[in-house]
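# Coordinates in review
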Amino acid sequence: GQSLEQPSEVTAVEGAIVQINCTYQTSGFYGLSWYQQHDGGAPTFLSYNALDGLEETGRFSSFLSRSDSYGYLLLQELQMKDSASYFCAPKAAGNKLTFGGGTRVLVKP
Amino acid sequence: EAQVTQNPRYLITVTGKKLTVTCSQNMNHEYMSWYRQDPGLGLRQIYYSMNVEVTDKGDVPEGYKVSRKEKRNFPLILESPSPNQTSLYFCASSLQNTGELFFGEGSRLTVL
């Protein structure tokens, strides 16, 4: 079957580092995407990992281990504007992305 | 500007009154999809389309219809809306075989 797990909420202070873990069980797995969604806004694409390893894009990095069915999103040098929900979304055949409930990140001053 | 446009953005309607939420993209994307977002449930896929005249059910298709007569448009049809279809709806598009979806701004639908 299909399953997806990520923490529901994380709180951290400005300047800190936050790691959001994601474990999945996805038939026909292709890769793992990450999206950010601010309250009242639409999800926006952050990263996509098709291969094992770490991908870095500015302050955000994403990691994938296909053998462990595990990935994480690393948010560094947290800023207030990073307060949002973050979704991991495994991609399967047919371009199908499955979104979980997301992780709400609250950044405090 | 590359974008996905949904209309209406907000709608309050009554049970049983047919409605259509339009979605249009200007990026020449083959793939388009509809999601609904409810508190605590994340984004759930309703229908998707791999290309013109090719549509398929997602995870929660009951009560919805779609069509893909042109590449740029992918309307979502609620033939007989019910209160359990009150939700925030997102249309999204992408090139084939990428993990990058481009989302519209969302359509908040309330069915009384």
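Attention here is on the structure that accompanies the text.

Rules used in this analysis
Residues numbered from 1 in each chain as written. Chains lettered and ligands numbered in written order. Predicted model: local features only at pLDDT ≥ 70, side-chain atom pairs only at ≥ 80, totals over all residues. Heavy atoms only, no water. Helix = DSSP H or I, 4+ residues; strand = E, 2+ residues; numbered from the N terminus. Buried < 20%, exposed > 50% of the residue type's maximum accessible area, 1.4 Å probe, protein only. Contact = heavy atoms within 4.5 Å. Buried area = accessible area lost by both parts, 1.4 Å probe. Salt bridge = Lys/Arg side-chain N within 4 Å of Asp/Glu carboxyl O. Polar contact = N/O pair within 3.5 Å; in protein donor to acceptor, adjacent residues only side chain to side chain.

Moving on, we get to the overall build of chain A. Tallying secondary structure elements over chain A gives zero helices and 11 strands in all. In sequence order, the secondary structure elements of chain A are arranged as β-β-β-β-β-β-β-β-β-β-β. In terms of principal-axis extent, the alpha carbons of chain A reach across some 40 × 30 × 20 Å. Expressed as a percentage of the 109 residues in chain A, the buried residues total 46%.

This brings us to the interface of chain B and chain A. With 23 residues of chain B at the interface, the matching set in chain A holds 17 residues. Roughly 1,500 Å² is buried in total at the junction of chain B and chain A, and carbon and sulfur atoms are behind 54% of that figure. Broken down residue by residue, the surface that chain B buries against chain A is led by Leu43, Gly99 and Phe103 of chain B, which jointly contribute 31%. Applying the counting criterion to the chain B and chain A interface returns one salt bridge. We note a salt bridge from Asp59 of chain B to Lys96 of chain A, for which the minimum N-O separation is 3.2 Å. Seen at the junction of chain B and chain A, the total is nine residue pairs in polar contact (both at pLDDT 80 or more).

This part is about unusual backbone geometry. The residue after Asn7 of chain B, namely Pro8 of chain B, is reached through a cis peptide bond having omega -5°. In this fold, Pro8 of chain B is placed in the loop between β1 (4–7) and β2 (10–13). The phi dihedral of Ser69 of chain A falls on the positive side, at around 50°, and the residue is not glycine. Looking at the element boundaries, Ser69 of chain A is found in the loop between β7 (60–65) and β8 (70–75). The exposure class assigned to Ser69 of chain A is partly exposed, which follows from its relative accessible area of 25%. In the Ramachandran plot, Glu53 of chain B falls in the positive-phi region, its phi being about 65° despite a non-glycine side chain. Given a relative accessible area of 59%, Glu53 of chain B falls into the exposed group.

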